[in-house]
Amino acid sequence: MDTAAPRGTTAEETPNPLPRPPEELEQLRRIWAMPRGLALLTEYNNSLIGPLYVATALLFFLLAGVLALIIRAQLAWPGLTLVDAATFNQLFTMHGTVMMFLFAVPAVEAVAITLLPAMLGARDMPFPRLGAYAFLIYAIGGLSFYSSILFGAAPDGGWFMYPPLTSKENSPGINTDMYLLGIGFIEISAIAGAIELFVGIMRTRPPGMTLGRMPLFAWGMLVFAAMVIFGFPAVIVASMLLELERALGWPFFLPEQGGDPLLWQHLFWFFGHPEVYVIFLPAAAMVSMIVPAMVGAPLVAHSLVVLALVGTGFLSFGLWVHHMYAVGIPALSLGFFAAAGFAVSIPSGVQTFAWIATFAAGRVKWEVPTLFMLGFIFIFVLGGLTGVMVSVTPFDWQVHDTYFVVAHLHYVLIGGMVFPLLGALYYWVPSLGRPLSDRLGRWAFWLLFLGTNLTFFPMHVSGLMGMPRRIYTYPAGFGLELWNALSSLGAAMVAAGAAVVLLDVVLHFRLGGTQENRWRAGTLEWVNNDDYGTRSIPRVRDRYPLWAEPELARQVEAGGHYLPFSATGRRETLVTSPAEAAPQYVAVLPDPGWGHVIAAIGTCAFFYALTMPLPIAAAVSGLVALIGLIWWLWQGTDPAPVGPHSVDIGDGVRVPIHATGPVSTSWWAMVALMLVLGTIFACLLGGWLFLWLVNGDAMWPPPGQGLPVAGWGLTALGLYAGGALVMWGAARLLGRRSRWVVRGALLLAAALFAGGVGADGWALWSGGVRPTLHAYGAASWAIFAWQGALVAVALLMAGYTLARSLAGKLDGARRLTMDNTMLFWGYTAGQGMVGLALLHGFPRLFA
Amino acid sequence: MSGAAERGDTRKRQVLQVREVLFPALGLVVWAAHFGVSYAANALACARGFADARLLGQPLVPAVIMGLTAVALLALGLVIRASLSGLEGSLEEGGEAEPRFTRWLAATAAALAALAVLFQAVPALSVPPCG
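Residues numbered from 1 in each chain as written. Chains lettered and ligands numbered in written order. Predicted model: local features only at pLDDT ≥ 70, side-chain atom pairs only at ≥ 80, totals over all residues. Heavy atoms only, no water.

Bringing the environment of Gly131(A) into the picture now. All names here are of chain A. Here Gly 131 is to be found in helix 4 (residues 128–147). Placed 21 residues apart in sequence, Gly 131 and Ala 110 show a C-alpha to C-alpha distance of 9.6 Å. Setting aside residues up to four positions removed in sequence, Gly 131 forms contacts with Ile 49, Tyr 53 and Glu 196. (Helix = DSSP H or I, 4+ residues; strand = E, 2+ residues; numbered from the N terminus. Contact = heavy atoms within 4.5 Å.)

All names here are of chain A. Contact geometry of helix 4 with helix 17 (residues 595–611) gives a least axis separation of 9 Å together with a crossing angle of 35 degrees. As helix 4 runs across helix 17, the sense of the crossing is right-handed. Facing helix 4, whose interface residues are Arg 129, Ala 132, Tyr 133, Leu 136, Ile 137, Ile 140, Gly 141, Ser 144 and Phe 145, helix 17 presents His 596, Val 597, Ala 599, Ala 600, Ile 601, Thr 603, Cys 604 and Tyr 608. Along the lines of polarity and charge, the residues of the contact of helix 4 with helix 17 split into twelve nonpolar, four polar and one charged. (Axes fitted to C-alpha atoms, helices over the stretch in contact; angles between N-to-C directions. Left-handed = near helix turned anticlockwise from the far one by under 90°. Nonpolar A, V, L, I, M, F, W, Y, C, P; charged D, E, K, R; others polar.)

Residue and element names in this part refer to chain A. All chains considered together, the criterion is met by seven cavities of 30 Å³ or more. Taken as a whole, the largest cavity holds about 70 Å³ of empty space. What lines the largest cavity is simply Val 368, Pro 369, Tyr 426, Pro 430, Pro 435, Leu 436, Ser 437, Asp 438, Arg 518 and Trp 519. For the lining of the largest cavity, the elements supplying multiple residues, two or more each, are helix 10 (368–390) and helix 12 (403–432). When the residues that make up the lining of the largest cavity are grouped by side-chain class, the tally is seven nonpolar, one polar and two charged. (1 Å grid on protein atoms, 1.4 Å probe; cavity = no way out; pocket = protein on both sides within 12 Å on 5 of 7 lines; lining within 4 Å. Points joined across faces, edges and corners; volume = space filled by probe spheres on them.)

Let us look at the interface of chain A and chain B. Each partner contributes to the interface: chain A provides 49 residues, whereas chain B provides 45 residues. In this assembly, chain A packs against chain B so that about 3,800 Å² is buried in total across both faces, 75% of it on carbon and sulfur atoms. Looking at the side of chain A facing chain B, the largest losses of area belong to Phe314(A), Leu332(A) and Phe336(A), adding up to 19% of the total buried there. Inspection of the region where chain A meets chain B yields one salt bridge. (Buried area = accessible area lost by both parts, 1.4 Å probe. Salt bridge = Lys/Arg side-chain N within 4 Å of Asp/Glu carboxyl O.)

All names here are of chain A. The tally for this structure, following the rule as stated, stands at 13 salt bridges over all chains. Among the salt bridges present, the one from Arg 20 reaches Glu 24, with a minimum N-O distance of 2.6 Å. Ionic pairing is found between Asp 438 and Arg 442, a salt bridge with its closest N-O pair at 3.0 Å. Placement of the pair is Asp 438 and Arg 442 together in helix 13 (residues 438–464), with a separation of four residues, close to one helical turn. Among the ionic contacts, a cluster of salt bridges with common partners joins Arg 20, Glu 24 and Arg 535.

Attention now goes to the pairing of strand 6 (residues 653–656) of chain A. Residue and element names in this part refer to chain A. Residues Val 653 and Val 655 line the buried face of strand 6, whereas the alternating positions Arg 654 and Pro 656 sit on a face that is not buried. Bridge count between strand 5 (residues 646–650) and strand 6: four bridges; the pairing is antiparallel. What sits directly across from Asp 648, in strand 6, is Arg 654. With antiparallel pairing between neighbouring strands as the criterion, strand 5 and strand 6 make up a hairpin whose turn holds two residues, including Asp 651 at a positive phi of roughly 65 degrees. (Buried < 20%, exposed > 50% of the residue type's maximum accessible area, 1.4 Å probe, protein only. Pairing = 2+ DSSP bridges.)

Attention now goes to the nonpolar core. All names here are of chain A. Among the nonpolar cores identified, the biggest contains 288 residues, and Phe 103, Leu 116, Phe 217, Trp 219 and Trp 428 are the most heavily contacted of them. Residue contributions to this core peak at 22 residues, all from helix 7 (residues 261–295). When sequence neighbours within four positions are dropped, the list of residues in contact with Phe 217 reads Val 108, Val 111, Ala 112, Leu 116, Met 119, Pro 282, Ala 285, Met 286 and Met 289. By size, the runner-up hydrophobic cluster in this structure holds 13 residues, among which are Ile 537, Phe 565, Val 588 and Val 655. (Core = buried A, V, L, I, M, F, W, Y, C linked by side-chain atoms within 4.5 Å.)

Shown next as structure tokens:
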């Protein structure tokens, strides 16, 4: 490890001289003080939102666990009728859906929101209101979604909701819509959180924390964020297409009209398989943080573990057909996916051996977190081994859709996620407040460890004996009685373990107070911190800064490191460069406000009103969400210059207070958003090409439908390009020419885009392309609809930019709004041109 | 230094920083491209009846996949070479100041990607494309 001191200072010299004036701390406390009473809802501070987020995720874990207990009670013995078949369908669908979407993914995001600012020495994440918005729509939307089971309106098609089982014909109620709209928008929360984490990890690390010195949990969350950005759009597209089919009759998945149910499976599993790693990698990264602390030694092969995290993140996108081995895909294609399955086991193995070697390298503290780490390794290795088994195609054919797969996935997910998470709870709680009970923790561990194995190991046997998944009961006499009884007994043990954890939290956990470095860990989250984060922002020289510099925590807590004050008198955090973490500027953070709260409530109401379906209520809710969103942006983004132009943060480092362009965090967030949008678009293009492949050239377009009119397409192409160019020109002219020239350019750009989308749509309509007759038209109009939606957003952004200009909030220096609008317009124009090339060019050239 | 020159210098440093961050992903992007194109090529061959077609006397699908594999391995070799060039001393387990860690990561990620590409190519030699 590199322990060379940057900038010529020694460990004894602090970046800012000590002692610090007492008014600095008073100022920080005053600025970061949380509002009281009802106004507490407007607070976004991670020290409030993070624990609430974790608590909500654990609540959903318990709620989904209750459903599992009912399932196991029903299956405890043959022929039981505790619930009927229809209710059972809702139970297993909700159990899987809630565990995957409302517990596992939000839980790791929640831990990250709670811990990362402290781990990275940041005062808060760069877009804290986005994090608060993500939490609010998750909590409100998730509880509304869960309550659907009380009214018999819960989804009932399995957590992966395959059509045609979920088509309008076979599922005419709102159960499927509840999933498509309810879960679809909760994915927006996951993506918002991922963008926040991605930018936060890349840009708010403390000076000196290079990528090579970054804690492994931050690496895990960085990979997580990238996987969410590229993986989750696929399930959003799948949900949109199925909802369009159900609501408007656009046939994407109906074979009699050119659709194909396999399109859903491809899209769903392109999200669904990486989802497993989205859950596992952050949990594995928690393990890589906890094990070194529990043995008092650095993680063996730290850099190889980083490679394993990054490598797994990529390779996991080549595994989605693992879930489709039985659907008739060509043999060689299956071979590709089996090979990727073997390849991904290599980085997983690297991590496992690194943990084992670290245990061997140090002196093990036999505390509760250690037990959970060892339990994790045992259970996860078993799940990983059965994972390699089911990646062997012929074996998978034998056990497909049996309880063997149920056993495998629970070993992977409980071993790979629940045990690390509970270990993390016992490990990190002392860094937030009062520790949990050691005695209750040990009881919880043994009940959960034995219960998990007792529940799921017998399922391997019942699966190999041929017991299919998702049956609500089974006949006696097939030898399944013993294995199911054991599984149900184990489930009761797991429930007892979860109850002990809950009891421990209720009895002992209290936030705040002086945190102790209970495990003598080496990373920054163990430095005392408050609502303002750490007293000063640490200078980092090692992967385990508290081990390398034993005085560091004291120095930071005394205010001897960077930015021990507020330079502007407002909430702020230090922004650093992505690779070397060199200080770049001080970002001013917004004050608490109601905008994101109103936007969250409006968003939830909008989607649930659509589900009912109540179109007027949906429109009103959508308007409320939009007003909240604009208020949120108007209040706190791109503030007027406050305080000095630049500030000395310590160590002679002077940085500006304001930044725009590629160096700013908002530019990074916009690029991340464009990656999400681009992935959604790529999924739509992929869907169009897939349907072309299965339909054949003669049916693309089918008889009775034509090609979009080329002349209108070319017109649209020119107008999109023209609109983006004028917007680029407006951005260039800002601050150089009269404001009225810029405003005129904004209006001209808007007119060009509006004309472009009109010509784009008219090209399809006048060419005889119709969305309801055949998959060709449906897929073509879906691409156009997405383009139309983005143009609408682009026009809204232009209007917002114009309003900022008219309000005197836009000029040559204060120009984040203009720069972001210009980026978005460039993306929208590019997307439109690619879409036109496919819809107009591809059928003429190849079909 | 003038304001414009300073801005240009800052912009250049920013680009270099972003390049260093993205570099480790390059090898794995090559793997993803090889995977995606191989899968699409085989799917197209099966859907359009090219399963038994031949190219220069060789079965078409395996020949295409072997060609793609050769291109991917060549690209990965270049990534590894670029990662290691210009750095003095051996690149071992990291923690060092940048860009040494990201270069190390780029080289090892490209090596992992090369292994995955080879894994993926082998079935083309033994499994019938559309069987």
